[in-house]
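Given next are the chains, with one letter for each unit.
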Amino acid sequence: MPIAIEMPKMTDTMEEGVLVEWSVEEGDSIAAGDVIAQVETDKATMDVEAYDDGVLLKKVANAGDALPIGGLIAIIGDAGEDITDFIEDFKSNGTMSPAPSESSSEVSVKSSPDQTPTLPEDEPSSHGRTKASPLARRMATEFGLKLNHLTGSGPSGRIIKRDIEAEIERTPQIGHAPLPVPTSADRGHERVRISQMRKTIARRLAESKFTSPHFYLNVDVDVVALDMQRRGVNQYLEKTNGLKVSFNDFITKACASALVMHPDVNVTYASQEGEIHKYNYVDVGIAVAIDDGLVTPVIRDAHLKSVVMISQEVQSLASRARDKQLDVSEMEGSTFTTSNLGMFGIESFTAIINPPNACILAIGAIRDTPVVEDGKIVPGKRMKLTLSCDHRAVDGAVGARFMSTLKDLLENPASLLL
């Protein structure tokens, strides 16, 4: 009897997956537990395993196809088994076909009555609109060619550059026609397919921004002592094991310590239950930029770890995040999140809360600036921090006390090494 291999739900927020590549071929024998393909989810690229023994009778999905959860990926069974009726059953259930491709780059630009179009309008043919690439359309405009008079040699009869060039060669006078005043090189645009991760980021952050009433608290931190403390720690580490700690490692430790002292910030607003969940542990999510978007690997029990331990863990998680080797469990369950854009020279910004957290800390660049001490202007180092709070769970005074404690810890960093 044929057995369906369907798109599994691989993360709690996954709605569809993209088949990245196959690990087996049609006709191969498969055992339960064998990896048969890789699928891109909203958080990572993950292996798909077979749950039954059999022969891979048909690959239903191709590399690059997006399928909803439960969509048919492949069929296994006995060698030579007829699967025609089996496929028809899936078609009737609506889970057979992959999601439509978004890779088309076709562009149609129309002009107003008082403007000359930079790209020709589609001209109807016996089969509907004329298909042509943006470059072919621009060339047709320049040489006064009618697209519906040409035969395309591209995919599905699409008119492409070589078809325009061939028509110009067949009609020499066209090539000597006066050209219009040039505009920009190619006024088309590229349509880029959105990854599963980007779709999830867009959906979840939009939900966060428009359902969580954000408010923001800013402090300007004196980091002269923190800079000296970090330099001293790194000098010691270089002599012993060659490790280094960053400002971000100290900030992560300071956040964890401040959250222990202010548990009303270390919370989640559970709207469905009508509750606020207050945690007796501190798991800090660290926002890491990767090619597809943003992931937040989590430092578990950050309040119990030293700055050096946090540094080692962050480096490992960030490296594996960029290589898309993180397990989903390593990116879920944070109670607080930090986001640092200081390395790009950004002095301050406001971050959108990472659900289900109630707060996220935005970390700006450390800047050299003159400050006033004892009535005199002296060189100083400052850093701006901005806390975004969900007002449903965290009040202004609660957030302000947390930021005051965080500022004090960073301006007196020796306590973070105890």
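Our structure's up above, just so we're on the same page.
The sections below set out a description of the structure shown in this document. For clarity, every value in this text was computed on a predicted model and none was experimentally measured.

**A look at the overall build of the protein**
Next up, step 1: Within the protein, the secondary structure is distributed over nine helices and 20 strands.
Next up, step 2: Taken over 418 residues, the protein has a buried fraction of 44%.
Next up, step 3: Sequence-distant contacts, at least 24 apart, represent 61% of the contacts inside the protein between residues at least 6 apart.
Next up, step 4: When the accessible area of the protein is evaluated, it comes to approximately 22000 Å², of which 51% is carbon and sulfur surface.

**A word on a nonpolar patch on the surface**
Next up, step 1: Taken together, Met343, Phe344 and Ile346 make up a surface patch of nonpolar side chains, about 340 Å² in accessible area.
Next up, step 2: Classification of isoleucine 346 by relative accessible area gives partly exposed; the value is 34%.

**Let's talk about the packing of helix 7 (residues 247-261) against helix 8 (residues 307-322)**
Next up, step 1: With their axes 9 Å apart at the nearest point, helix 7 and helix 8 run at an angle of 115 degrees to one another. Helix 8 is crossed by helix 7, and the crossing has right-handed handedness. Contacts from Asp249, Phe250, Thr252 and Lys253 in helix 7 reach Val307, Ile310, Ser311 and Val314 in helix 8.

**Regarding the pattern of salt bridges**
Next up, step 1: Considering all chains together, one arrives at 13 salt bridges under this definition.
Next up, step 2: Aspartate 220 serves as the salt-bridge partner of arginine 367, at 3.0 Å between the closest nitrogen and oxygen. Taken together, the positions of arginine 367 in strand 19 (residues 359-373) and aspartate 220 in strand 11 (residues 214-222) put the pair 147 residues apart, joining distant regions of the chain.
Next up, step 3: Under the relative-accessibility criterion, aspartate 220 is labelled partly exposed at 28%.
Next up, step 4: Between aspartate 227 and arginine 231 there is a salt bridge whose closest N-O contact spans 3.0 Å. With aspartate 227 and arginine 231 both in helix 6 (residues 224-240) and four residues apart, the pair spans about one turn of that helix.

**With respect to the sheet that holds strand 19**
Next up, step 1: The mixed open sheet is built from six strands, whose spatial order is 11-20-19-18-14-17. Strands at the two margins of the open sheet, each flanked by one partner only, are strand 11 and strand 17 (298-299).
Next up, step 2: Pairing of strand 18 (residues 336-340) with strand 19, which is carried by four bridges, proceeds in the parallel orientation. The partner of asparagine 340 across the bridge, within strand 19, is isoleucine 363.

**Side note on the side chain of serine 212**
Next up, step 1: Counting through the fold element by element, serine 212 comes out in the loop between helix 5 (196-211) and strand 11.
Next up, step 2: Dropping the residues within four chain positions of it, serine 212 is found in contact with Glu207, Asp390 and Arg392.

**Quick word on the packing of aromatic side chains**
Next up, step 1: The final tally for this structure, using the stated rule, is two aromatic pairs.
Next up, step 2: Measuring from ring centre to ring centre gives 5.5 Å for tyrosine 279 and tyrosine 281, while their planes differ by 55 degrees; the resulting arrangement is tilted.
Next up, step 3: What makes tyrosine 281 partly exposed here is its relative accessible area of 31%.
Next up, step 4: Note on phenylalanine 336 and phenylalanine 402: the rings are 5.7 Å apart at their centroids and 55 degrees apart in plane angle, and the pair reads as tilted. Of this pair, phenylalanine 336 sits in strand 18 while phenylalanine 402 sits in helix 9 (residues 396-411); the two residues are 66 residues apart in sequence, bridging distant segments of the chain. Neither phenylalanine 336 nor phenylalanine 402 differs from the other in exposure class; each is buried.
Next up, step 5: Here the basic side chain of arginine 230 rests over the ring of phenylalanine 247, its NZ or CZ set 4.6 Å away from the ring centre.

**Considering the pairing of strand 20 (residues 376-390)**
A regular strand places its side chains on the two faces of the sheet in alternate fashion.
Next up, step 1: Judged from the nine bridges that link them, strand 11 and strand 20 form a sheet pairing that is antiparallel. Residue pairing in the sheet places valine 221 in a bridge with methionine 383 of strand 20.
Next up, step 2: As consecutive antiparallel partners, strand 19 and strand 20 are separated by two residues, and within that stretch aspartate 374 has a phi angle of approximately 55 degrees, a positive value.

**Concerning the sheet that holds strand 3 (residues 29-30)**
Next up, step 1: Taken in spatial order, the four strands of this open sheet run 1-8-6-3, and their pairing is antiparallel. Among the strands making up the open sheet, the edge pair consists of strand 1 (3-6) and strand 3.
Next up, step 2: Relative to strand 6 (residues 54-59), strand 3 runs antiparallel, the two being bridged by two bridges. Counted as the bridge partner of isoleucine 30 is glycine 54 from strand 6.

**Details of the environment of asparagine 280**
Next up, step 1: Tracing the backbone shows asparagine 280 in the loop between strand 13 (275-278) and strand 14 (284-286).
Next up, step 2: On the basis of relative accessibility, which here comes to 73%, the residue asparagine 280 falls in the exposed class.
Next up, step 3: Sequence spacing of asparagine 280 and aspartate 301 is 21 residues, and the spatial spacing of their C-alpha atoms is 9.8 Å.

Reading the values: the criteria
Residues numbered from 1 in each chain as written. Predicted model: local features only at pLDDT ≥ 70, side-chain atom pairs only at ≥ 80, totals over all residues. Heavy atoms only, no water. Helix = DSSP H or I, 4+ residues; strand = E, 2+ residues; numbered from the N terminus. Buried < 20%, exposed > 50% of the residue type's maximum accessible area, 1.4 Å probe, protein only. Contact = heavy atoms within 4.5 Å. Areas by Shrake-Rupley, 256 points an atom, 1.4 Å probe, with all protein chains shown as cover. Patch = residues over 30% accessible without salt bridge, like charges linked within 9 Å, V, L, I, M, F, W, Y side chains within 5 Å. Salt bridge = Lys/Arg side-chain N within 4 Å of Asp/Glu carboxyl O. Axes fitted to C-alpha atoms, helices over the stretch in contact; angles between N-to-C directions. Left-handed = near helix turned anticlockwise from the far one by under 90°. Pairing = 2+ DSSP bridges. Phe/Tyr/Trp six-rings, centres within 6.5 Å; stacked < 30°, edge-to-face > 60°. Lys NZ or Arg CZ within 6 Å of the ring centre and 35° of its normal.

It is worth stressing that arrangement in space is one thing and function is another; only the former is reported here.
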